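Chain by chain, the residues:
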Amino acid sequence: MSGTFMGMPAFPKAARDAVRDTTLRGNLRHATRTIRAKRAAAVAELEDWPQLREAGRQIKDHTLRHLDRYLEQVEQAVTAAGGTVHWAADAEEANRIVANLVKATGETEVVKVKSMATQEIGLNAALEAAGIRAYETDLAELIVQLGDDLPSHILVPAIHRNRGEIREIFRDNMASWGRPAPEDLTDRPADLAEAARLHLREKFLRAKVAVSGANFMIAETGTLVVVESEGNGRMCLTLPETLISVVGIEKIIPTWRDLEVFLQLLPRSSTAERMNPYTTMWTGTTEGDGPRTFHLVLLDNGRTDALADEVGRQALRCIRCSACLNVCPVYERAGGHAYGSAYPGPIGAILTPQLRGIASEVDASLPYASSLCGACYDVCPVAIDIPEVLVHLREQVADQGGRGHRLEKAAMRAATWLLDHPAALTAGERLASRTRKLHPERLPGPGARQWTNSRDLPDLPAEPFRDWWKKNHA
């Protein structure tokens, strides 16, 4: 993965700063509660939702077990259909491939379909460094780009902004990126959408190169699928002469029949719609229809490492619906920026540490960015057991040591010995009870203070339970 968002602290500090922002918390609370209520209603319409969910899980697990075979099948099918396939081991290689492909066309600007993979690898910044300007065309991504901001949600990147803030962003910054916003722009949603539409239309009509991701790749035909709600993605996918798609290797599904399952799971779990307004599919190139040149960049960037982890690999089932974010009490209060990654929320807390590793303080903190309430697992349309993976990753973080974890490991070893020696445990309990008035309310040490700064230590009883039991149940 390309690295953390520039200057991001570890999750505990970033979250502590975020919860003090009352405007941010208000925006998040309103948006997430609205989305999850609509999703619940849409899912309740299907009596066979549990069966669809299980089907999605099994298709993804089967594909991951045979990923090498399906990747070769995709390459053969795309090539046979007139496309060109490129393999990228990491973010740097993927960015270099895309930049070189754009340069080969002689163009210096591209239009982009909303894509988590390109956010993950930092493609926009890499293109800018190569003298190429990338224009986001999804409305929420446009807001983020014009505001010199970072996405904070998988489905709605500008969820942390309200209408008034969006109006100011458009009025102040649209002119430097193209067509300016109307001088009398209001914060009515229809007016904001019209301003964005006029701003983007000239880019659609001018651009010769587009960059996209994909929601799914169908192995048997080499077909790519993008689902969206606005139609801006379809403009990018059909009007330019050259299309470059950067897609994670886990996005493969074996057959067209499998797509039927995911086209029911994804829209209801993400936008609470029965089906997406725009579902665009393309297979290579076709004379006189759509782009004349198609490049597929297959991105690894840590996915093979995640695949090797028998517990953690289930994160690769993710279809990026964002349902887990909308039910997560931690995300609702801290927002997406606190996660320091393109992937926020519960899925980011398990996916990012596997793609980037847990060497940095930010990445090592992410598995702890959860209350383990399990709401994320309940709503996941492909049954990713996020709490299980969180605990699994916490074990890895603890095993590598580091600040706080060495003390934790020493404490666990001491507790193991004590529990194995009943006489010593009894003596310790009696000593703790007799000295209880001398106990501090907060534990010393930076690691322990993080826990007790927001929690009181429990009061010890006047006598240990064993002594009380002997006295009252002789």
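(A) Region of interest: the packing of helix α8 (residues 139-146) against helix α9 (residues 163-177). At a closest axis distance of 9 Å, the pairing of α8 and α9 adopts a crossing angle of 75°. Here α9 runs roughly perpendicular to α8, going by the angle between their axes. In this structure, α8 uses L139, L142, I143, Q145 and L146 to contact α9, whose residues at the interface are I166, I169, F170, N173, M174 and W177. When grouped by side-chain class, the residues that make up the contact of α8 with α9 number nine nonpolar, two polar and no charged.

(B) Structural view of the environment of R167. Among the secondary structure elements, R167 is positioned in helix α9. According to the relative accessible area criterion, R167 is partly exposed, its value standing at 23%. Considering only alpha carbons, one finds R167 and I143, 24 residues apart in sequence, at a separation of 9.5 Å. Not counting residues up to four positions away in its chain, the partners in contact with R167 are L185, T186, D187 and L192. Within the structure, R167 has its side chain in polar contact with the side chain of E168 (distance 3.2 Å).

(C) Region of the structure containing the sheet that holds strand β2 (residues 109-112). A sheet is described by the order of its strands in space; here six strands give the open sequence β1-β10-β7-β4-β2-β3, paired in parallel fashion. At either margin of the open sheet sits one strand with a lone partner, and together these are β1 (84-88) and β3 (133-136). Strand-to-strand twist of the sheet, defined as the mean angle between neighbouring strand axes without regard to direction, takes the value 25°. Relative to the sheet, helix α4 (residues 67-80) contacts β1 and β10 (293-299), its axis offset from that of β1 by approximately 145°. Against the sheet, helix α5 (residues 91-105) contacts β1, β2, β4 (209-212), β7 (242-248) and β10, and its axis sits at roughly 145° relative to β1.

(D) Summary view of a nonpolar patch on the surface. Taken together, the side chains of F465, W468 and W469 make up a nonpolar region of the molecular surface, amounting to roughly 360 Å² of accessible area. Here W469 lies in helix α23 (residues 465-472). You can call W469 partly exposed: its relative accessible area is 43%.

(E) How the structure looks around the nonpolar core. Of all hydrophobic cores here, the largest spans 104 residues; its most connected members are F11, F170, L296 and I350. Leaving out residues up to four positions away in the same chain, L296 has contacts with V74, V78, T84, V85, H86, M217, L224, S245 and V247. Formed by 21 residues, the second largest nonpolar core is a distinct cluster that contains V102, L123, L127 and V246.

(F) Region of interest: the sheet that holds strand β8 (residues 252-253). The sheet built from four strands is open, its strands ordered β8-β5-β6-β9 with mixed pairing. Only two strands of the sheet have a single partner each, and these edge strands are β8 and β9 (278-282). Strand direction decides the pairing type here: strand β5 (residues 216-218) and strand β6 (residues 223-228), joined by three bridges, are antiparallel. Bridging across to β6, M217 finds its partner in L224. Along the sheet, helix α12 (residues 256-270) contacts β5, β6, β8 and β9; its crossing angle with β5, the most-contacted strand, is approximately 165°.

(G) Examining the side chain of S270 more closely. The topology assignment puts S270 in helix α12. Of the polar contacts made by the side chain of S270, one reaches the backbone oxygen of L266; its length is 2.7 Å. Setting aside chain neighbours within four positions, we find S270 in contact with I35, L155 and C321.

(H) Representation of α8 within the structure. Burial within α8 is extensive, with seven of its eight residues counted as buried. Among the residues of α8, those classed as buried are A140, E141, L142, I143, V144, Q145 and L146. On its buried face, α8 sits against α6 (116-121), α7 (123-129), β3, α9 and α10 (189-206). Of the residues that open α8, the one with a side-chain oxygen 3.1 Å from the backbone nitrogen of A140 is D138.

(I) Layout of the packing of helix α3 (residues 49-65) against α12. Packing of α3 against α12 brings their axes to within 10 Å, and their N-to-C directions diverge by 120°. It follows that α3 is oblique to α12 by the angle criterion. Viewed along their axes, α3 and α12 form a crossing whose handedness is left-handed. Along the contact surface, α3 presents W49, L52, R53, A55, G56, I59 and K60, while α12 presents D258, V261, F262, Q264, L265, R268 and S269. A class-by-class count of the residues in the contact of α3 with α12 yields seven nonpolar, three polar and four charged.

(J) Structural context of unusual backbone geometry. Of note, the phi angle at N301 is positive, near 55°, even though the residue is not glycine. The residue N301 is located in the loop between β10 and α13 (303-307) in this model.

(K) A look at the environment of G233. Relative to the helices and strands, G233 resides in helix α11 (residues 232-238). Sequence separation between G233 and H392 is 159 residues; the distance between their C-alpha atoms is 37 Å. Apart from residues lying up to four places away in sequence, G233 is in contact with V113 and E228.

Thresholds applied
- Residues numbered from 1 in each chain as written.
- Predicted model: local features only at pLDDT ≥ 70, side-chain atom pairs only at ≥ 80, totals over all residues.
- Heavy atoms only, no water.
- Axes fitted to C-alpha atoms, helices over the stretch in contact; angles between N-to-C directions.
- Helix = DSSP H or I, 4+ residues; strand = E, 2+ residues; numbered from the N terminus.
- Parallel < 35°, antiparallel > 145°, perpendicular 65-115°, else oblique.
- Contact = heavy atoms within 4.5 Å.
- Nonpolar A, V, L, I, M, F, W, Y, C, P; charged D, E, K, R; others polar.
- Buried < 20%, exposed > 50% of the residue type's maximum accessible area, 1.4 Å probe, protein only.
- Polar contact = N/O pair within 3.5 Å; in protein donor to acceptor, adjacent residues only side chain to side chain.
- Pairing = 2+ DSSP bridges.
- Patch = residues over 30% accessible without salt bridge, like charges linked within 9 Å, V, L, I, M, F, W, Y side chains within 5 Å.
- Areas by Shrake-Rupley, 256 points an atom, 1.4 Å probe, with all protein chains shown as cover.
- Salt bridge = Lys/Arg side-chain N within 4 Å of Asp/Glu carboxyl O.
- Core = buried A, V, L, I, M, F, W, Y, C linked by side-chain atoms within 4.5 Å.
- Left-handed = near helix turned anticlockwise from the far one by under 90°.

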